[in-house]
Structures are given as C-alpha cells and as structure tokens.
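Structural description and commentary
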Amino acid sequence: MPRGFAVWSLAHHREETTVHDHRKLGRELGLFDSDPLIGAGLPYWLPDGAVLRHTLEEYIRGVERQAGYRHVYSPVLGKRELYEISGHWSHYSEDMFPPMDLGGEQVVLRPSLCPHHALIYRSRAHSYRELPLRIAELGGMYRAELSGVLGGLTRVRAIQLNDAHIFCTLDQAVDEARAALELIRLAYRALGIRPARYRLSLPGEGGKYVAAPEMWQRAGALLTEVLDRSGLAYESVAGEAAFYGPKIDVQVADSAGRESTLSTVQIDFHQPERFDLHYIGPDSARHRVVMVHRSILGSMERAVAHLIEQHGGAFPAWLAPTQLVVLPISEAELPQAAELVRRCGAAGLRAELSGPELGSLGARVRAARLVPYQAVIGAREAAADQVALRLRDGRRLPARPAAEVLARVGALVDAHRAELWDTDDTDDAA
C-alpha cells in the first residue's frame, strides 16, 4: 500500500466532526511521533511530516526573499555572557537549560535567536543607505519547559523558529512592522489560517520586565500606530509582553477554542542599546538603530500543529505530503499509471500509485480521500494518454490529456492557491 494511505482511510473522522486533536491525528497520519528514549517534548518527524515541514519552510523562505530578507545561519549555542548582555539570563533564565562547562567557559542552548542576529549586525559597519537591513533564519532554539505542560507539537523543548530581525531607523520602524503584518496575512491566506484576533501585548505587574518606562512607552506607541494604520481590530492585554518590550501577537484558536500565539511583531529599543547597535547617518555621526522582530509563522512545530487541527489532514494542495494519487482501474493500466507517477515527479509534484492489488477502485478512492487530486486511468484514458480527475471536495472532471492536468495542477501548486481547480468545468460527485 502506498505511503500514508492506510492512515488516510480515517477520512470519515474528518467528516463526522470538525474537532481535531493534532496529537492524535498527527500520529495517525504518520506525520510525527515521540519516544521516551529521546525524551519528553522532543518529537521526531516521520517522512510525510518531514515533507510537510520542508515544504512549509521553503515557502516561508521564498516569501521572505521576495520581501527583501537575506537569510543567515547561526549556532544554537552561545556563551552565558551573551545572554547576560541581552537580558535573557536575568529575566528568562528559568526557561533556559542549565549552562554547560566547556574549557573554562559556560555555554548554553539558546532560548532565542535575537542576540545572535544582533551580533551578526554588529559584525560590520552600516550606513543609513543600507537600512532597512532585513535578516531571517529558520533556526533552532531550546526552552526548558516543565514536563507537565509538554504536549504534541505545541509545547516542546526543541523549537525550529521562523525568525527575522529588521535593523532600521526610527522613521522606518512603523512601515517595516506594517509590512511584516502584511507578510503574515499573505501566508495565512495561502495556508488557510484564520486569525482569532490581534493582540497588543503590554507589560503587567511584576519584575520580569526590563525597567525602562520611557522605552516601553515609545515602543507601545509605535505598535499602536502600526495596528491603527493597518486597520486591524485589536485588544490591548497587560502581562503578555516580552521581557524587553511590547509586541503584536496574532492569536489563533485550536479545535477546542483555546488560543495561542502563532505570529508576532515587535519594535525593540532594548537590545540595540545593550549591544550598542548603530549606523552612520547622513551627518557622518553614529545613531542608534531600531530592531524590529517578526515571525511570520512562529515555530514550525506550533504552525504544523495548528494546520493539522484546522484542516484535519486535508492540507492545501501545495502543502499536502501527497498531492496526487494515480488510480488505475485494472492491472492492464498499471504501466500508464506508473509512467504518470514518473511524470508527476519530473514536474515537481508529489504523487503515489494506488494499484488494484490494494482493493476495489471505490476502496482506493476512500483510502486516498485526503489527497487533493485523484487521477483515475481506465482503458480509454490509457489509450488516449488521458486521466479522469477527481478532486478531494467530491467534484469530478471529464477525462482530459494527462499533460494538461499536470500543467494545471502544477500551476495551482506553484501559486500556493487554496482552490483545487481554477474553473467550474466539473461534474457533480456521484
């Protein structure tokens, strides 16, 4: 049986209820799993899950490249001193793993990419003509989450973060933060994600925040301007800010109605001060740079968890682990079916063959109901190099040339379209 079809036969679960638990469904779909020998909060990705994650990562990188970001890599370790400078050690150490002693120095697994990117910026002199400078990374970081809160992909200890930092002038900060919100909305459309609400997260009572009232007020005022100019309804919530500044949180809701933060935008004056980040202005003097933090999809783990629950395994076609299943009616059409799978691969489409040895055509159709496209090949289609395409939503297309089908499916996938077909030339489902 082709990869994934056994678990995809649980499509009836998707029809019976719209409530999905990603921890259960993700394992049934063969996307991820865990093992006590690896440890709690450290899931591993199975082949279909790895395809999904890789496709999502490549999409995000492409979106960022088009928006003028340059990608970097930075190590997942850093000296304790780095996080003392950034403020993480004094404000966030309870969530960090203990230091490791190496050659007389203490190093830690990073809880954040921000300090590394600050040092990347600081490694070269910058003129105002270079700004805004946008750097992005899909990088690993680690949080010492307590065992009692770990679960599935939403609360993990090893995180792959879609992170970026924009180094800009004060006058550029609002426009850069607004542009980041637009990237978030673009990605949500492609992924079929519906934000529950936008939240302006402000400091609350207690000592977990950097003591700099003027900085907080200035950053909060700029983020309020960003939201107002973007025309977004939002709520201001105290106690949800990062330790170094306020932020815009894009909230999503899971199948049980529980909210979590998926995407964030922040304007930061704290770390540029701590790391002495500056640029040379038109007056040839040094000026303090502003640091805009933004994450389009947050962590890959939480993003995939939300996508599993929102779509119930029926992912947008461009993201689906298998995009097209080829269904020969009998063994006589197997050669043509295998050739079509090969052509799909050459065209960049992820396809699988489901032959008659796996059961009746009806049984195979039901087993592959989460696959966006089902290409049926009977004797007439095989003789004419055609396929009769079934769409996941139940629509059927008249038989047409296989080359045309692959071209049109490929165009929809390449465009990251949510629609399964771009015309209405379909027959009603039988």
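What comes next concerns the included structure. Just so we're clear, the structure is a prediction, and the values are computed from it rather than from any experiment.

Reading guide: rules and limits
- Residues numbered from 1 in each chain as written.
- Predicted model: local features only at pLDDT ≥ 70, side-chain atom pairs only at ≥ 80, totals over all residues.
- Heavy atoms only, no water.
- Phe/Tyr/Trp six-rings, centres within 6.5 Å; stacked < 30°, edge-to-face > 60°.
- Buried < 20%, exposed > 50% of the residue type's maximum accessible area, 1.4 Å probe, protein only.
- Lys NZ or Arg CZ within 6 Å of the ring centre and 35° of its normal.
- Pairing = 2+ DSSP bridges.
- Helix = DSSP H or I, 4+ residues; strand = E, 2+ residues; numbered from the N terminus.
- Axes fitted to C-alpha atoms, helices over the stretch in contact; angles between N-to-C directions.

**Let's talk about the packing of aromatic side chains**
As enumerated under the stated definition, the model contains four aromatic pairs in all. Aromatic side chains Phe-243 and Tyr-244 sit 5.0 Å apart centroid to centroid with 90° between the ring planes, which places their arrangement in the edge-to-face category. With respect to burial, Phe-243 and Tyr-244 carry one shared label: buried. The side chain of Arg-218 reaches across the aromatic face of Phe-269, ending 3.9 Å from its centre. Looking at Arg-294, its charged tip hangs above the ring of Tyr-69, at a distance of 4.9 Å from the centre.

**What about the sheet that holds strand S20 (residues 400–401)?**
Strand order in the open sheet formed by five strands is S17-S16-S18-S19-S20, with mixed pairing between adjacent strands. At either margin of the open sheet sits one strand with a lone partner, and together these are strand S17 (351–353) and S20. Here strand S18 (residues 373–377) runs beside strand S19 (residues 386–391); their pairing, made up of four bridges, is antiparallel. What sits directly across from Ala-375, in S19, is Leu-389.

**With respect to the pairing of strand S11 (residues 247–253)**
Residues in a regular strand point their side chains to alternate faces of the sheet. Summarising burial for S11: six of the seven residues are buried, a large majority. Across five bridges, strand S9 (residues 197–202) lies against S11 in antiparallel orientation. Each bridged residue has a counterpart across the sheet, and for Arg-199 the counterpart in S11 is Asp-249. Relative to strand S12 (residues 259–268), S11 is paired through seven bridges, and the arrangement is antiparallel. What sits directly across from Ala-253, in S12, is Glu-259. Here S11 folds back onto S12 in antiparallel fashion, the turn holding five residues, of which Gly-257 has a positive phi close to 90°.

**Re the sheet that holds strand S6 (residues 105–109)**
The antiparallel open sheet is built from three strands, whose spatial order is S4-S6-S5. In this open sheet, the two strands that pair with only one neighbour each are strand S4 (77–79) and strand S5 (100–102). On average, each strand axis in the sheet is inclined to that of its neighbour by 40°, with strand direction left out of account. Both S4 and S6 contribute to a ladder of three bridges, which runs antiparallel. Across the sheet, residue Gly-78 finds its bridge partner in S6, namely Val-108.

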